[in-house]
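Understanding the architecture of this molecule
Single-letter residue listing:
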Amino acid sequence: MNARTRAFHPHRWLRNPHVQSVLASSGIRRLVFRRRGASIDRGAIEHVLDCGDGVRLQGFHTRQTALPRPHALAVLLHGWEGSAQSTYVLHTGARLLAEGCDVFRLNFRDHGDTHHLNREIFHSCRIGEVVGAVKAVAAMFPERPLIVGGYSLGGNFALRVALRARGAGVPLAWAFAVCPPLNPIAAMHAIEAAPAVYEYYFLKKWRASLRRKQSLFPQVDLFTRDELRGGIRELTRSLVARHTDFGSLENYLNGYALTGDALAALDVPATILTAADDPIIPVADFRELKLASATELVIAPHGGHCGFIGDARLHSWAEDFLVERMYARLRERP
């Protein structure tokens, strides 16, 4: 892409942040772009990665066929209770594939069809295994440059991978994050304060995931019935107490926070995109960040949570933006 992507100005009926947020992961977009989504699945090869310490994570690798050699190898990370098959992952992956990138879509622990791979449950502070997964991908596939990016919680993980890349020996060239939660305590408050559909959506998927995990490991009591009936705060608090050593809900949530100067030492070029009207990720935390010189932050006035849908075609402007920034950042490499 040579021309600079225009600023995001959605049609009037798409300026509602809740419409944007719902459309981001909707089956409607999957249906409209079913051929495009199929392009990333066609030829995809499943891999189960050794991530260190006995942890195994699953992912899907798709090679581009348009060029003699790919522009980059992109590792994509989904959001909480999403998967490698989430609409936004498929669409972004298909776009990068069309641009000449190889794509690896990673499933976090207990996401997608992977509950059987590890006995312990997922939580958001398990950054070591995701760094291990990206390192394993880099060792398995020699295509360079290597980039990593994600949406929502996947964006938070992508930034934390970038912070640890050099120390872990991961040759990362660029990282991107779309609507990442920076302050998990504030994000939990926002979910609770937002229309009830958000907490219902996350709890429905999370409870189903936990029940599936319990069915695969019946010898371990992962939760009680009463705990599973709790809201997002109560259930998180119960599982933190039962399955981690954090000692409190607040300690756990702060364990994956990226507030203040947490990103100031980031030595990998990075791009962060968020929306001022995101209903579950407060924009104030982005405005208070202290960033490294190679990190760029773009705050669009509209977009909701990971939406950025511009018109009735349901195309996401975020894909255009990320492709432009990828080319620009890779051209800057020595």
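My aim in this report is to walk through the structure given alongside it, one point at a time. (Residues numbered from 1 in each chain as written. Predicted model: local features only at pLDDT ≥ 70, side-chain atom pairs only at ≥ 80, totals over all residues. Heavy atoms only, no water.)

Bridge analysis of strand β1 (residues 45–50) against strand β2 (residues 56–62) gives six bridges, and the strand direction is antiparallel. Paired with H47 across the two strands is G59, which belongs to β2. (Pairing = 2+ DSSP bridges. Helix = DSSP H or I, 4+ residues; strand = E, 2+ residues; numbered from the N terminus.)

Okay, the state of the cysteines next. Per the stated rule, a full pass over the model turns up zero disulfides. A disulfide-free cysteine, C179 has its sulfur positioned 4.3 Å from the sulfur of C306, the nearest such atom. The buried category is assigned to C179, whose relative accessible area is 0%. (Disulfide = S-S within 2.5 Å. Buried < 20%, exposed > 50% of the residue type's maximum accessible area, 1.4 Å probe, protein only.)

Moving on, we come to the pattern of salt bridges. Oppositely charged side chains can pair when the atoms bearing their charge come close. Counted by the stated rule, this structure contains 18 salt bridges. Among the salt bridges present, the one from R229 reaches D226, with a minimum N-O distance of 2.5 Å. Each member of the pair R229 and D226 is classed as exposed. The partner of R325 in a salt bridge is E296, with the nearest N and O atoms 2.8 Å apart. Residue R325 is located in helix α13 (residues 317–331), and its partner E296 is located in strand β8 (residues 295–300); the two are separated by 29 residues in the primary sequence. Just as R325 is buried, E296 falls in that class too. (Salt bridge = Lys/Arg side-chain N within 4 Å of Asp/Glu carboxyl O.)

Residue placement: H123 occurs in the loop between β4 (102–106) and α5 (127–140). Judged by relative accessible area, H123 falls into the buried class, the value being 14%. Separated by 129 residues in the primary sequence, H123 and Y252 place their C-alpha atoms 9.2 Å from one another. Contact partners of H123, with chain neighbours within four places excluded, come to F157, T244, F246 and Y252. Separated by 3.1 Å, the side chain of H123 and the backbone nitrogen of C125 make a polar contact. (Contact = heavy atoms within 4.5 Å. Polar contact = N/O pair within 3.5 Å; in protein donor to acceptor, adjacent residues only side chain to side chain.)

As a further point, take the packing of helix α4 (residues 87–98) against α13. It is at 10 Å that the axes of α4 and α13 come closest, and there the two elements cross at 40°. With respect to α13, the axis of α4 lies oblique. Judged by the sense of rotation from one axis to the other, the crossing of α4 with α13 is right-handed. Where α4 abuts α13, its residues H91, T92, R95 and L96 lie against E319, D320, V323 and M326. Considering only residue class, the contact of α4 with α13 consists of three nonpolar, two polar and three charged. (Axes fitted to C-alpha atoms, helices over the stretch in contact; angles between N-to-C directions. Parallel < 35°, antiparallel > 145°, perpendicular 65-115°, else oblique. Left-handed = near helix turned anticlockwise from the far one by under 90°. Nonpolar A, V, L, I, M, F, W, Y, C, P; charged D, E, K, R; others polar.)

With that settled, consider the nonpolar core. Across soluble globular proteins, you tend to see nonpolar side chains buried next to one another. Counting 69 residues, the largest nonpolar core has L77, V148 and L172 as its most contacted members. Setting aside chain neighbours within four positions, we find V148 in contact with V75, L77, V134, A158, V161, L172, W174, A175 and F176. Counting 33 residues, the second-largest nonpolar core is a separate cluster that includes I40, C101, F176 and F321. (Core = buried A, V, L, I, M, F, W, Y, C linked by side-chain atoms within 4.5 Å.)

Looking now at the packing of aromatic side chains. In this structure the tally under the stated criterion is 15 aromatic pairs. Ring geometry for W80 and F202: centres 5.2 Å apart, planes at 20°, overall stacked. Of this pair, W80 sits in the loop between β3 (73–77) and α4 while F202 sits in helix α8 (residues 196–216), and the two are 122 residues apart along the sequence. Assessed through its relative accessible area of 10%, F202 is described here as buried. An angle of 50° between the planes, with centres 6.3 Å apart, marks the rings of F104 and F141 as tilted. With F104 in strand β4 and F141 in the loop between α5 and β5 (146–151), this residue pair connects regions lying 37 residues apart in the sequence. Each member of the pair, F104 as well as F141, carries the same accessibility label: buried. Between R160 and the ring centre of F157, over which it is positioned, the NZ or CZ distance is 4.2 Å. (Phe/Tyr/Trp six-rings, centres within 6.5 Å; stacked < 30°, edge-to-face > 60°. Lys NZ or Arg CZ within 6 Å of the ring centre and 35° of its normal.)

A few words now on helix α10 (residues 232–243). With twelve residues, α10 extends 16 Å from end C-alpha to end C-alpha; this agrees with the ideal 16 Å at 1.5 Å per step. Those residues of α10 that are buried lie in contact with α7 (184–193), α8, α9 (225–228) and α11 (249–254). (Expected span 1.5 Å × (residues − 1).)

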